[in-house]
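Survey of secondary and tertiary structure
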Amino acid sequence: MKASDLRIGNIVSVCYENDIIPDTVIVLEPDMVHLSNREYPDSDRDIIGVPLNKEWLIHFNFIYHSELEVWCSGEIIIKKLPNNWIAKWNTLKREIEFVHQLQDLLHFTAKHN
């Protein structure tokens, strides 16, 4: 993942761990990413996304509406599809696979409300 695709505060992981361990980006440099629980920076080639799931949606205060099978927070609506998630906000519609993509959408919508 390119460092330029991330923002400070994004939740990501590293590819060389056996399990996906979520961590927070604290410093971005060209081709390097510093994570909060690591002593040394990682190459952006080693950074991977944390898959989005219902636990993360709950963490970000989304509420599930079973009658419509969607998750909602404010004006954002997210629906689970077989292989990914679709997020809608106003006329914007995008596929979301990772937590940092949801964070970016939340950041974007907060700036435009």
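Fair warning: this is a prediction, and the values are worked out from it, not measured in the lab. (Residues numbered from 1 in each chain as written. Predicted model: local features only at pLDDT ≥ 70, side-chain atom pairs only at ≥ 80, totals over all residues. Heavy atoms only, no water.)

Section: the pairing of strand β7 (residues 70–73)
- As judged from the 3 bridges shared by strand β6 (residues 63–65) and β7, these two strands associate in the antiparallel manner. Residue pairing for β7: I63 is matched across the bridge by C72.
- Here β6 hands over to β7 after 4 residues, with E69 in that stretch at a positive phi of 55°.
- Joining the antiparallel neighbours β7 and strand β8 (residues 76–80) is a turn of 2 residues, in which G74 adopts a positive phi near 60°. (Pairing = 2+ DSSP bridges. Helix = DSSP H or I, 4+ residues; strand = E, 2+ residues; numbered from the N terminus.)

Quick notes on the sheet that holds β8
- The strand order across the open sheet formed by 5 strands is β6-β7-β8-β9-β10, and the pairing between neighbours is antiparallel. Looking at strand neighbours, the two that pair on one side only are β6 and β10 (92–96), the edges of this open sheet. When strand polarity is set aside, the average angle formed by the axes of neighbouring strands in this sheet is 25°.
- Judged from the 4 bridges that link them, β8 and strand β9 (residues 85–89) form a sheet pairing that is antiparallel. Considered in β9, the bridge of K80 is made with W85. (Axes fitted to C-alpha atoms, helices over the stretch in contact; angles between N-to-C directions.)

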